[in-house]
Amino acid sequence: ALPAGEVLREGDLAVASDGRVIEVAALPEPLVELAFEDAGKLAAAAYLLGSTHVPAELRAGSVRIARVDAETDLLAELGGARSDVQAVFD
């Protein structure tokens, strides 16, 4: 059991109660990345995703989401450049 609020990410190590060391491994999955040159538009995209409860990974200048056409189309309308990527979703 982990303390509340702990987040494990790709490559993290956890020590089990019996002393074993466990490495966290995540599989890449199909994602949509939308890149924004304007920080205000990126903030608007983050707000939109949060208000619709879409899991998102915010990055420097971009946001990644699972392939959800309705949200992807809406974010593209904000001026995001769309790329389909295979990556670990963090």
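Further up the page is the structure itself.
Report on the accompanying structure. Keep in mind that what you see is a predicted model, and the values were worked out from it rather than measured.

With respect to the helices and strands, the residue Glu29 is situated in strand β3 (residues 29-35). Among all residues touching Glu29, those that are not within four sequence positions of it are Val85, Gln86, Ala87 and Phe89.

The next point concerns helix α1 (residues 39-51). Between its first and last C-alpha, α1 extends 18 Å over 13 residues, near the 18 Å set by a 1.5 Å rise per residue. All buried positions along α1 are accounted for by Leu42, Ala45, Leu48 and Leu49. Looking down the long axis of α1, one finds its buried residues gathered within 120° of arc, a one-sided arrangement. More than 90 degrees from the buried face of α1, the exposed residues found are Ala39 and Tyr47. One or two positions beyond α1, positive phi appears at His53, with a value near 60°.

What follows is about the sheet that holds β3. The strand order across the open sheet formed by four strands is β4-β5-β3-β6, and the pairing between neighbours is antiparallel. Unpaired on one side and paired on the other, β4 (56-59) and β6 (81-87) mark the two borders of the sheet. Across the sheet, the axes of successive neighbouring strands diverge by a mean angle of 25°, strand direction being ignored. In this sheet, strand β5 (residues 62-66) lies alongside β4 in antiparallel orientation, the contact comprising four bridges. What sits directly across from Arg59, in β5, is Ser62. Contacting β4 and β5, α1 runs over the sheet at an angle of about 25° to β5.

It is worth spelling out unusual backbone geometry at this point. Look at His53: it is not a glycine, yet its phi comes out positive at around 60°. Here His53 shows up in the loop between α1 and β4. You can call His53 exposed: its relative accessible area is 70%.

Moving on: the environment of Val85. When you line up the elements, Val85 lands in strand β6. Relative accessible area serves as the criterion here: at 18%, Val85 is assigned to the buried category. Between the alpha carbons of Val85 and Pro30 there is a distance of 5.9 Å; along the sequence they are 55 residues apart. With sequence-adjacent residues up to four places away left out, Val85 is seen in contact with Glu29, Pro30, Leu31, Glu33, Arg64 and Arg67.

Okay, the nonpolar core next. Listed in full, the 11 residues of the largest apolar core are Val32, Leu34, Phe36, Leu42, Ala45, Leu48, Leu49, Val54, Val63, Ile65 and Leu75. Considering each element in turn, this core owes the most residues, four residues, to α1.

Rules used throughout
- Residues numbered from 1 in each chain as written.
- Predicted model: local features only at pLDDT ≥ 70, side-chain atom pairs only at ≥ 80, totals over all residues.
- Heavy atoms only, no water.
- Helix = DSSP H or I, 4+ residues; strand = E, 2+ residues; numbered from the N terminus.
- Contact = heavy atoms within 4.5 Å.
- Expected span 1.5 Å × (residues − 1).
- Buried < 20%, exposed > 50% of the residue type's maximum accessible area, 1.4 Å probe, protein only.
- Arc of directions from axis to C-beta.
- Pairing = 2+ DSSP bridges.
- Axes fitted to C-alpha atoms, helices over the stretch in contact; angles between N-to-C directions.
- Core = buried A, V, L, I, M, F, W, Y, C linked by side-chain atoms within 4.5 Å.

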